[in-house]
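A structural walkthrough
The chain contents come next:
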Amino acid sequence: MTERSELTLADGVRLRVDACGPADAAVTVVLLHGWCLDRRTWHHQVAALQAMSPRPRVIAFDTRGHGRSDTTGLTSATLGQLGDDLAEVLRNHAASGPVVLAGHSMGGMAIMEYAYRHPVDFAQRVAGLLFVSTSAEGHTHTRYGLPPRLATLMRAGEVLGAGVLARSGPWRPHRAVLPALRPALRWLLFGDQYDDDALGITMRGVGRASLRSIGGFRSSIGTQQRLGTLAALGDVPAAVLVGDRDRLTPPPCAESIAGALPGAELTVCPGAGHMLLLERPDEVSAALVAITERAALSTSAERKRRARRARRAGYDRAA
């Protein structure tokens, strides 16, 4: 049974949080969705986690400005803020025990910000990581599947449009506009095969994101550079997945993340695009279940060792 609640953050923004599984589970899995999406994109993986024995605790929430959560101010539409929001979610909904963090697209980048801004807490708590269709290098590798010159023009148009949307306020895309966006989003986000349910969940997520969020987060997403942060995490069990037709975070993004994380397992899914959670749910679920099983066996001593290393490395600072 899903427990639904609201978490009020320090700046007054309320997040919609769903939880399921036993409160005293050996491990808690926290799921972070992508840009312009919501927590429902993880529904296949939630089902797989709840089929485990013993069951983990599973937390899925809508990022500020997305889904059923409150809108955000323009100055708070940043990845750094999302890293701080994640820290509050953990303090309030997973206050003790090992944690697995799983992030898709912007959700993966938010996890990296949490690691950068709260490194000792991260080291003491996090026992497993799943990065799906995400990047630690902003838009360095993003070509939209286009020739370089066209990709440059498209990025310029995207950045310009994002600036306009960011200043358009808390309103959401009008229902009449969404059908017109459907072909473009299908091309941009999906690979060779998709089903109507997957595209429908994606479209509904876009429809619930505020215009300020759609535009406002674009700047920090494009400029983030966190490979150094990942390299400092040490031997945290991790899996990295990407589709070879991903136009937003193509395989080089995943390869650099896996290269920075010692022992990370990289999986490239043929024919799949950016919405890997929905296009290849079985592969993503299997990777998440395997990481969760490993995390359940982790020890407090291992996490304390990582925390000591984080302190020695000088990363225990907010920035």
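Everything below is about the structure shown above.
Residues numbered from 1 in each chain as written. Predicted model: local features only at pLDDT ≥ 70, side-chain atom pairs only at ≥ 80, totals over all residues. Heavy atoms only, no water.

Points about the side chain of T28
Within the secondary structure layout, T28 lies in strand 3 (residues 28-32). For T28, the residues in contact, after removing those within four places along its chain, are R57, I59, A94, P98, V99 and V100. (Helix = DSSP H or I, 4+ residues; strand = E, 2+ residues; numbered from the N terminus. Contact = heavy atoms within 4.5 Å.)

Examining the sheet that holds strand 2 (residues 14-20)
On the basis of which strands lie adjacent, the open sheet formed by eight strands has the order 1-2-4-3-5-6-7-8 and mixed pairing. Each edge of the sheet is formed by a strand with only one pairing partner; in this case those strands are strand 1 (3-8) and strand 8 (265-269). Each adjacent strand pair in this sheet contributes to an overall mean axis angle of 20°, direction not counted. Where strand 2 lies against strand 4 (residues 57-61), four bridges are found, and the strand directions are antiparallel. Bridge pairing in strand 4 links V17 to F61. In this fold helix 2 (residues 79-93) packs onto strand 1, strand 2, strand 3, strand 4 and strand 5 (99-104), with an angle of close to 125° to the strand it touches most, strand 1. Strand contacts of helix 13 (residues 281-296): strand 3, strand 5, strand 6 (126-132), strand 7 (238-243) and strand 8, with the helix running at about 170° to strand 6, the strand carrying the most contacts. (Pairing = 2+ DSSP bridges. Axes fitted to C-alpha atoms, helices over the stretch in contact; angles between N-to-C directions.)

Thoughts on the side chain of D62
The topology assignment puts D62 in the loop between strand 4 and helix 2. Only 2.7 Å separates the side chain of D62 from the side chain of R39, close enough to count as a polar contact. If we skip the residues at most four places from it in the chain, D62 touches L15, R16, H33, D38, R39, G67, R68 and S69. (Polar contact = N/O pair within 3.5 Å; in protein donor to acceptor, adjacent residues only side chain to side chain.)

A look at the packing of helix 2 against helix 3 (residues 106-117)
Remark: helix 2 packs on helix 3, axes separated minimally by 7 Å, with the N-to-C direction vectors making an angle of 75°. The orientation of helix 2 with respect to helix 3, classified from their angle, is roughly perpendicular. The residues of helix 3 that touch helix 2, namely those facing L79, G80, L82, G83, D84, L86, A87 and L90, are M106, M109, A110, I111, E113, Y114 and R117. Here the contact of helix 2 with helix 3 is built from residues that sort into ten nonpolar, two polar and three charged. (Parallel < 35°, antiparallel > 145°, perpendicular 65-115°, else oblique. Nonpolar A, V, L, I, M, F, W, Y, C, P; charged D, E, K, R; others polar.)

Observations regarding unusual backbone geometry
Each neighbour pair has its own omega, and for S53 with P54 the value is 0°, a cis peptide bond. Positive phi, close to 55°, is recorded for S105, a residue that is not glycine. Tracing the chain through its elements places S105 in the loop between strand 5 and helix 3.

With respect to the nonpolar core
In this structure, V30, L86, L101, F122, L129, F131 and L230 are the most contacted members of the largest nonpolar core, which totals 46 residues. Ranked by residue count, the leading element in this core is helix 3, at seven residues. V30 has contacts with I59, F61, L86, L90, V99, V100, L101 and A102, leaving out every residue within four places of it along the chain. Residues L277, A287, V289 and I291 belong to the second largest nonpolar core, which totals 26 residues. (Core = buried A, V, L, I, M, F, W, Y, C linked by side-chain atoms within 4.5 Å. Buried < 20%, exposed > 50% of the residue type's maximum accessible area, 1.4 Å probe, protein only.)

Structural notes on the environment of L153
Examined against the element boundaries, L153 turns out to sit in helix 5 (residues 148-166). Taking the C-alpha atoms as reference, L153 lies 22 Å from C36; in sequence the two are 117 residues apart.

Topic: the packing of aromatic side chains
A complete count under the given rule lists two aromatic pairs for this structure. Here Y114 and F122 contribute two aromatic rings whose centre-to-centre distance is 5.6 Å and whose plane-to-plane angle is 55°, an arrangement assigned as tilted. Y114 sits in the buried class, given a relative accessible area of 2%. Look at F190 and Y194: their rings are 5.6 Å apart centre to centre, the planes differ by 50°, and that puts the pair in the tilted class. Classification of F190 by relative accessible area gives buried; the value is 1%. Look at Y194 and you get partly exposed, because its relative accessible area is 35%. In this arrangement the basic side chain of R226 is found over the ring face of Y116, its NZ or CZ atom lying 3.8 Å from the centre. (Phe/Tyr/Trp six-rings, centres within 6.5 Å; stacked < 30°, edge-to-face > 60°. Lys NZ or Arg CZ within 6 Å of the ring centre and 35° of its normal.)

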